[in-house]
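Given next are the chains, with one letter for each unit.
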Amino acid sequence: MYNTPEEFIVAADKELDRYDWNAAWQIATEGLKHYPEHAELQKYAYILAPPKITSVNRGGHPEIGANHEWMKKNRLEYRGRWVAIKNGQLLASGKSHDEVIAEVGPVKNTGILVTVLY
């Protein structure tokens, strides 16, 4: 066993020289148990720690599925027409893109889908 923080660091360095990152990390974290305030051991333990993988469930984009469903159900009725849809709800329809935009206004960053149905 090691008696000083420096001895833990020397041991970790030897493992690093052997390219055994995991062993070096284990020695550094063991050293931190005995010397939790030692800055160099903290640095070794932090740098050598296994990567942390986190994920965030943002819930996807259910509005895309709702828009797609609306288009599937209403494609024949609105064939050849331009439509504005948001969250599966028809906001406007017209003979041209400009006609639909005139009705709903600017769509950038609003979540409104403007498309022609075939």
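Our structure's up above, just so we're on the same page.
Residues numbered from 1 in each chain as written. Predicted model: local features only at pLDDT ≥ 70, side-chain atom pairs only at ≥ 80, totals over all residues. Heavy atoms only, no water.

Visitor: Any details on the sheet that holds strand 3 (residues 113-116)? Residues and values, ideally.
Guide: Whether parallel or antiparallel, the strands of a sheet pair through hydrogen bonds between backbone atoms. Sheet architecture is open: three strands sit in the order 2-1-3, paired in antiparallel fashion. Looking at which strands have only one partner, the edges of the open sheet turn out to be strand 2 (89-94) and strand 3. On average, adjacent strands in this sheet sit at an angle of 25 degrees to one another, irrespective of strand direction. The sheet contact formed by strand 1 (residues 82-86) and strand 2 spans five bridges and is antiparallel. Among the inter-strand pairings, Ile 85 is bridged to a residue of strand 2, identified as Leu 90. (Pairing = 2+ DSSP bridges. Helix = DSSP H or I, 4+ residues; strand = E, 2+ residues; numbered from the N terminus. Axes fitted to C-alpha atoms, helices over the stretch in contact; angles between N-to-C directions.)

Visitor: So what about the nonpolar core? Which residues, and what values?
Guide: Phe 8, Ile 9, Ala 11, Ala 12, Leu 16, Ala 24, Ile 27, Ala 28, Leu 41, Tyr 44, Ala 45 and Leu 48 form the largest nonpolar core, which has 12 residues in total. Mapped onto this core, the elements with two or more residues apiece are helix 1 (5-17), helix 2 (21-34) and helix 3 (39-48). With five residues, the top contributor of residues to this core is helix 1. Filtering out sequence-adjacent residues up to four positions away, Ala 45 remains in contact with Trp 25, Ala 28, Thr 29 and Leu 32. (Core = buried A, V, L, I, M, F, W, Y, C linked by side-chain atoms within 4.5 Å. Buried < 20%, exposed > 50% of the residue type's maximum accessible area, 1.4 Å probe, protein only. Contact = heavy atoms within 4.5 Å.)

Visitor: Residues and numbers for the packing of aromatic side chains, please.
Guide: One pass over the structure, following the stated rule, counts four aromatic pairs. Aromatic side chains Phe 8 and Tyr 35 sit 6.2 Å apart centroid to centroid with 70 degrees between the ring planes, which places their arrangement in the edge-to-face category. Of this pair, Phe 8 sits in helix 1 while Tyr 35 sits in the loop between helix 2 and helix 3, and the two are 27 residues apart along the sequence. Overall, Phe 8 belongs to the buried group, its relative accessible area being 0%. You can call Tyr 35 partly exposed: its relative accessible area is 25%. With 6.1 Å between their ring centres and 75 degrees between their planes, Tyr 19 and Trp 21 make a pair best called edge-to-face. With relative accessibility at 64%, the residue Tyr 19 sits in the exposed group. A relative accessible area of 47% means that Trp 21 is categorised as partly exposed. Members of the aromatic cluster, each reached through a chain of ring pairs, are Tyr 2, Phe 8 and Tyr 35. (Phe/Tyr/Trp six-rings, centres within 6.5 Å; stacked < 30°, edge-to-face > 60°.)

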